[in-house]
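Summary of structural features
Below, each chain spelled out in residue letters.
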Amino acid sequence: MVLVASNGEKQEANDGNTVDFRGNPADKSKTGGWLAAGVALVTELSERIVVMGISMNLVTYLVGDLHLSSAKSATVVTNFMGTLNLLGLLGGFLADAKLGRYLTIAIFASITALGVILLTMATTIPSMRPPPCDDYRRKHHQCIEANGQQLAMLYAALYTIALGGGGIKSNVSGFGSDQFDGADPKEKKAMIFFFNRFYFCISIGSLFAVIVLVYVQDNVGRGWGYGISAVIMVIAVIVLLCGTPWYRFKKPQGSPLTVIWRVFLLAWKKRGLHHPFPPSLLNQYENAKVPHTKRFNCLDKAAILEDYSAGSRNKSDPWIVSTVTEVEEVKLVLKLIPVWSTCILFWTIYSQMTTFTVEQATFMNRKLGSVTIPAGSFSAFLFITILLFTSLNERLFVPLARRLTHNAQGITCLQRVGMGLILAIVAMVAAAIIEKERRDNAVEKKTQISAFWLVPQYFLVGAGEAFAYVGQLEFFIREAPERMKSLSTGFFLSTLSMGFFVSSLLVSIVDKVTEKHWLMSNLNKGKLDYFYWMLAVLGVLNFLVFIVFARKHQYKVQQYDCSSDTMQKEQKTSKEMAVVAIEMKDSMEGP
């Protein structure tokens with residue numbers, strides 16, 4: 001990578017890992033920065049338009065056109081979103097191991113475009129839908145449900161989109177941050193705001209999807225709505241390719257999963273060995289890129305140099321002995337797991353905004369003057385709130401927090417996540433209260449309350465997402481090993497995935513335990529508010545566990561500061577022991 005010093009002279013980074021599209025060291029004056037990051041983000045913006053345009057309104061198509069039950073429709077949507085985010089792990093692995101982030105994004109964006117084209121066909125071909133159903137038959141549950149053959153093409157399209165979307169989502173944020181040089185104070189400052197602006201940008205795409213595309217789907221035709229999405233995705237691929245000369249590319253450094261597996265295998269094989277003292281006797285201790293720590297010290301055994309592995313050839317064989325760097329990288333990944341596990345429930349709560357909240361809107365008064373607003377378009381309040389709070393984070397909350405905490409970040413990643421979890425709990429309390437009021441009015445007074453009563457739960461979840469998403473994304477990228485950025489982003493996306501899958505699981509369990517009395521297709525006969533109260537209680541328990549894990553977590557920067565002092569002490573101890581050994585040898589040999 002080429003750095004520009006304060007006197008204007010070019011400097012080349014000695015790691016040689018950042019190059020331009022020709023494979024030469026990247027010239028900072030011609031590559032990277034906000035222009036390159038912005039062009040790359042067009043792909044994520046388009047992916048968000050596609051996915052939100054599908055997920056936020058898919059449940060109404062499944063219930064209204066394919067005549068599936070509310071519970072089954074919710075499961076289809078959450079499984080689709082869960083798979084999409086889970087496949088982020090695959091995209092992250094391929095980018096880190098072999099393809100690099102740019103090539104991975106280009107390939108998976110093309111797959112997404114193909115999936116949207118298939119979805120357009122699946123929703124426009126008449127034979128792919130069951131016969132229409134009138135209101136009388138719908139009320140008496142006499143509609144013919146879509147069969148397996150009719151659902152096959154729909155599922156093929158959805159999971160093709162899920163495959164492509166997972167590859168895009170796990171790499172765009174890392175690829176965008178690659179366009180800034182952390183060693184340059186000016187670019188480092190720009191990188192601080194990158195994640196906020198990144199999320200602001202894709203929230204604009206989500207807002208466009210739920211206002212424009214959802215309206216087109218409901219009032220013009222599904223085929224037209226998904227067709228527009230397909231065109232947008234194709235344009236995004238073209239824009240991504242056109243920006244190639246401006247990007248900075250990080251070379252892939254091999255499969256991180258192989259490193260993780262190898263460290264665990266060697267630590268198990270050497271489990272009977274004693275820990276060396278001092279730890280500076282571990283393999284490549286003095287050249288470690290990540291400082292040695294005492295946590296998970298059982299893994300240190302993978303870096304023990306035995307008689308067999310101490311030879312010059314065997315010492316460099318990763319299947320015989322690991323390096324301290326590799327062991328510490330695995331430790332960094334393990335430190336992410338506790339926080340990862342407590343982030344899942346936030347996305348379980350969030351998933352209700354794409355399923356049952358949309359269903360609630362269909363049973364409420366959606367008229368604004370003479371216009372009837374599509375049920376899925378009420379999700380616009382979710383994204384408006386996200387945009388509002390993302391802007392306030394950058395302009396108000398972070399500067400204010402900096403003054404109070406004297407911390408460059410203002411509030412830490414985990415403090416953002418904690419705020420998101422609290423807001424999600426409050427959102428479920430509000431949702432339960434509003435749903436009870438809606439059902440009581442519908443059953444007892446035979447009236448429909450305004451769908452705008454859904455705004456509080458959209459507002460609270462949106463505010464929570466503005467904190468939680470940015471906080472989690474920053475946490476998983478900054479706290480992960482440098483060469484595992486894309487895999488770490490995929491790891492973060494898997495919290496979204498697990499959240500949607502947990503939602504599907506909870507729906508199935510509740511449906512079975514309550515004998516389908518809570519979650520009925522006719523919400524007026526169900527007890528959806530009980531389901532929301534259950535999520536609120538689970539949210540409180542989850543938040544308490546999160547507090548415990550967050551208090552115990554030591555940030556990587558803090559770890560480096562502490563470990564550098566420890567390393568110096570250990571090296572000093574090692575030298576002192578060497579001197580003592582020589583003196584003992586001299587005294588034993590005598591004059």
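Residues numbered from 1 in each chain as written. Predicted model: local features only at pLDDT ≥ 70, side-chain atom pairs only at ≥ 80, totals over all residues. Heavy atoms only, no water.

Here's the deal with the overall build of the chain
- Each helix and strand counted, the chain has 19 helices and six strands in total.
- Pairs at least 24 residues apart make up 82% of the contacts formed inside the chain by residues separated by at least 6 positions.
- When the accessible area of the chain is evaluated, it comes to approximately 26200 Å², of which 64% is carbon and sulfur surface. (Helix = DSSP H or I, 4+ residues; strand = E, 2+ residues; numbered from the N terminus. Contact = heavy atoms within 4.5 Å. Areas by Shrake-Rupley, 256 points an atom, 1.4 Å probe, with all protein chains shown as cover.)

Description of the packing of helix α2 (residues 70-86) against helix α3 (residues 88-99)
- The N-to-C vectors of α2 and α3 enclose an angle of 15°; their axes lie 4 Å apart at closest approach. Considering the angle they form, α2 stands roughly parallel to α3. For the pair α2 and α3, contact is made by Leu 84, Asn 85 and Leu 86 and by Gly 88, Leu 89 and Leu 90, respectively.
- When grouped by side-chain class, the residues that make up the contact of α2 with α3 number four nonpolar, two polar and no charged. (Axes fitted to C-alpha atoms, helices over the stretch in contact; angles between N-to-C directions. Parallel < 35°, antiparallel > 145°, perpendicular 65-115°, else oblique. Nonpolar A, V, L, I, M, F, W, Y, C, P; charged D, E, K, R; others polar.)

What about the pattern of salt bridges?
- The full count for this structure, using the stated rule, is ten salt bridges.
- A salt bridge links Glu 44 to Lys 169; the nearest nitrogen and oxygen atoms lie 4.0 Å apart. Of the two residues, Glu 44 is situated in helix α1 (residues 33-64) and Lys 169 in helix α6 (residues 148-177); the sequence distance between them amounts to 125 residues. Each of the two residues, Glu 44 as well as Lys 169, counts as buried.
- Between Lys 169 and Glu 47 there is a salt bridge, and its shortest N-O distance comes to 4.0 Å. With Lys 169 in helix α6 and Glu 47 in helix α1, the pair connects residues that are 122 residues apart, well separated along the chain. (Salt bridge = Lys/Arg side-chain N within 4 Å of Asp/Glu carboxyl O. Buried < 20%, exposed > 50% of the residue type's maximum accessible area, 1.4 Å probe, protein only.)

A look at the environment of Trp 518
- Tracing the backbone shows Trp 518 in the loop between α17 (485-513) and α18 (528-552).
- Placed ten residues apart in sequence, Trp 518 and Leu 528 show a C-alpha to C-alpha distance of 5.5 Å.
- Filtering out sequence-adjacent residues up to four positions away, Trp 518 remains in contact with Val 510, Gly 526, Lys 527, Leu 528, Tyr 530 and Phe 531.

Re α1
- Spanning 32 residues, α1 covers 47 Å between terminal C-alpha atoms, matching the ideal 46 Å at 1.5 Å per step.
- When the local axis directions of α1 are compared, the greatest deviation, roughly 50°, occurs at Asn 57.
- With 26 of 32 residues buried, α1 lies mostly within the body of the structure. (Expected span 1.5 Å × (residues − 1). Bend = angle between axes of the 7 residues up to and from the residue.)

Here we look at the side chain of Asn 542
- Along the chain, Asn 542 falls in helix α18.
- Here the side chain of Asn 542 touches Thr 342 through a polar contact of 2.8 Å, landing on its backbone oxygen.
- In contact with Asn 542, not counting residues within four places along its chain, are Ser 341, Thr 342, Leu 345 and Leu 421. (Polar contact = N/O pair within 3.5 Å; in protein donor to acceptor, adjacent residues only side chain to side chain.)

With respect to the packing of aromatic side chains
- Tallied over the entire structure, the rule returns 22 aromatic pairs.
- Here Phe 378 and Phe 452 contribute two aromatic rings whose centre-to-centre distance is 5.4 Å and whose plane-to-plane angle is 70°, an arrangement assigned as edge-to-face. Of the two residues, Phe 378 is situated in the loop between β6 (371-372) and α14 (380-405) and Phe 452 in the loop between α15 (413-444) and α16 (455-478); the sequence distance between them amounts to 74 residues.
- Overall, Phe 452 belongs to the partly exposed group, its relative accessible area being 28%. (Phe/Tyr/Trp six-rings, centres within 6.5 Å; stacked < 30°, edge-to-face > 60°.)

As for the confidence of the model for the chain
- Taken residue by residue, the chain gives an average pLDDT of 79. The fraction at 70 or more is 86%.
- Taking the mean pLDDT of every element in the chain, the minimum, 34, falls on strand β1 (residues 2-4) and the maximum, 93, on α18.
- The low-confidence segment residues 1-14 (pLDDT under 50) makes 25 contacts with residues lying over four places distant or belonging to another chain.
- Scored below 50 in pLDDT, residues 559-591 shows 28 contacts in the model against residues more than four places distant or in partner chains. (pLDDT = per-residue confidence, 0-100.)

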